[in-house]
Amino acid sequence: MTSNASLPAPPRRTRGFVLLGLVVLGLAGAVFVVRRPLMMSAPVCVAGRWHGCFDTFNGVVLMTLVALPPAALVVWALARRRRAAGVTSAWRMSLAEVGMVHGTVPFLWLTMMPGAGAGVVPGRVSLVPLRDLATMGPLGIAGNLLVFASLGFFAPMRFAAPASVPRILALAAGCSVLVETAQYVLRLDRVSSVDDVLVNTTGAVLAALASRRWWRTSSHTSAICRAA
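Nothing here was measured: the structure is a model prediction, and the numbers come from that model. (Residues numbered from 1 in each chain as written. Predicted model: local features only at pLDDT ≥ 70, side-chain atom pairs only at ≥ 80, totals over all residues. Heavy atoms only, no water.)

To continue, consider the packing of aromatic side chains. According to the stated counting rule, one finds 2 aromatic pairs in the structure shown. On the basis of an interplanar angle of 75 degrees and a centroid distance of 4.9 Å, the ring pair of F153 and F154 is categorised as edge-to-face. Judged by relative accessible area, which is 14%, F154 ranks as buried. Note on F153 and W214: the rings are 6.3 Å apart at their centroids and 55 degrees apart in plane angle, and the pair reads as tilted. Here F153 is found in helix 8 (residues 149–158), whereas its partner W214 is found in helix 11 (residues 212–227), with 61 residues between them in sequence. Owing to a relative accessible area of 24%, F153 belongs among the partly exposed residues under this scheme. Linked through ring pairs, F153, F154 and W214 together constitute an aromatic cluster. (Phe/Tyr/Trp six-rings, centres within 6.5 Å; stacked < 30°, edge-to-face > 60°. Buried < 20%, exposed > 50% of the residue type's maximum accessible area, 1.4 Å probe, protein only. Helix = DSSP H or I, 4+ residues; strand = E, 2+ residues; numbered from the N terminus.)

Quick look at the structure:
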């Protein structure tokens, strides 16, 4: 029985290595796809110039990739501190906290980036559902799906309060409405569209469903602890 109890460890370790390898391959593939646009913005960002780096799509993507190693170090430091304090699920909590920030802030930055007529063109609103989907295109829809995907994926893993699909839906919808309202109030030369809210919320819900096997366990464990 002792030998049988030790059998699951190697498969878990193997799955961990496979998952790490897939993540590395995915990042390498993403860098390969966007290598030319990123190389165009790299000299500007290295020079520390705001225009051409932080106000362009390529520059924001480049800085997001550059921030990956520091983000990993923050995860490691937080997890090590929590493990030393005897906190259970230290790695999961730390990864969820950093993942929410690192995966959401760049997309919010791109969403709030002013257009050419910012401050001059009056705010525009589109309240007819599904009317703007055709004008978004596949790339626009994919981008909107990712705006709050990290929030939907990691928030239920870290906090028990949003650990349900309706709550994630309400959270993502509320955040998206705030973003669209800010675009209109600040006159960023962007269309505040109900379709953006729908697609952003859909992306968060799909991401939450993808991580459900982890956050359902976390919320169930928290409920047991509170009952005890």
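Further notes follow.
What follows concerns the environment of C53. You can see C53 is positioned in the loop between helix 3 (35–46) and helix 4 (57–66). Each C-alpha atom of the pair C53 and L38 lies 9.9 Å from the other, and the pair is 15 residues apart in sequence. Setting aside residues up to four positions removed in sequence, C53 forms contacts with V44, C45, G59, V60 and M63. (Contact = heavy atoms within 4.5 Å.)

Remark: helix 4 packs on helix 5 (residues 68–84), axes separated minimally by 4 Å, with the N-to-C direction vectors making an angle of 40 degrees. Contact residues: helix 4 offers T64, L65 and V66, while helix 5 offers L68, P69 and P70. Residue composition of the contact of helix 4 with helix 5, grouped by class: 5 nonpolar, 1 polar and no charged. (Axes fitted to C-alpha atoms, helices over the stretch in contact; angles between N-to-C directions. Nonpolar A, V, L, I, M, F, W, Y, C, P; charged D, E, K, R; others polar.)

Residues annotated in UniProt with the feature "transmembrane region" (unreviewed entry) correspond here to residues 57–79, 100–121 and 133–156. Along residues 57–79 the backbone is 96% helical and 0% strand, and the end-to-end C-alpha distance reaches 32 Å. Helix makes up 55% of residues 100–121 and strand 0%. Its end C-alpha atoms lie 33 Å apart. (UniProt positions renumbered as here; feature names shortened; annotations may be inferred.)

Tracing the sequence through the fold places A182 in helix 9 (residues 165–185). For the pair formed by A182 and S192, sequence separation is 10 residues and the distance between their alpha carbons is 8.8 Å.

Relative to the 32 Å expected for 22 residues at 1.5 Å per residue, helix 6 (residues 90–111) spans 32 Å between its end C-alpha atoms, a close match to the ideal helical length. Taken together, the buried positions of helix 6 are occupied by A90, M93, S94, A96, V98, G99, M100, G103, T104, P106, L110 and T111. Looking at the packing, one finds that the buried side of helix 6 touches helix 4, helix 5, helix 7 (133–146), helix 8 and helix 9. (Expected span 1.5 Å × (residues − 1).)

Turning to the pattern of salt bridges, a few remarks are in order. Side chains that differ in sign of charge can pair as their charged atoms come close. Applying the stated criterion to the full structure yields 3 salt bridges. We note a salt bridge from R124 to D189, for which the minimum N-O separation is 2.7 Å. Note that R124 is positioned in strand 1 (residues 124–126) and D189 in the loop between helix 9 and strand 2 (191–193), a separation of 65 residues in sequence. Overall, R124 belongs to the partly exposed group, its relative accessible area being 35%. The class of D189 is partly exposed, set by a relative accessible area of 23%. (Salt bridge = Lys/Arg side-chain N within 4 Å of Asp/Glu carboxyl O.)

A positive phi angle, near 55 degrees, is found at S89, a position not held by glycine. The residue R187 is not glycine, and still its phi comes out positive at about 55 degrees. Its location among the elements puts R187 in the loop between helix 9 and strand 2. In this structure R187 comes out as partly exposed when scored by relative accessible area, which is 35%.

A separate point is the side chain of N144. For N144, the position within the fold is in helix 7. N144 has contacts with M136, D196, V199 and N200, leaving out every residue within four places of it along the chain.

Here we come to the confidence of the model for the protein. For the protein, mean pLDDT is 82; residues scoring 70 or higher make up 84% of the total. In this model residues 1–7 is a low-confidence stretch, pLDDT under 50, and it forms 0 contacts with partners more than four residues away in sequence or in other chains. Long-range and interchain partners of residues 218–228, a stretch whose pLDDT sits below 50, account for 3 contacts in this model, where long-range means more than four residues apart. (pLDDT = per-residue confidence, 0-100.)

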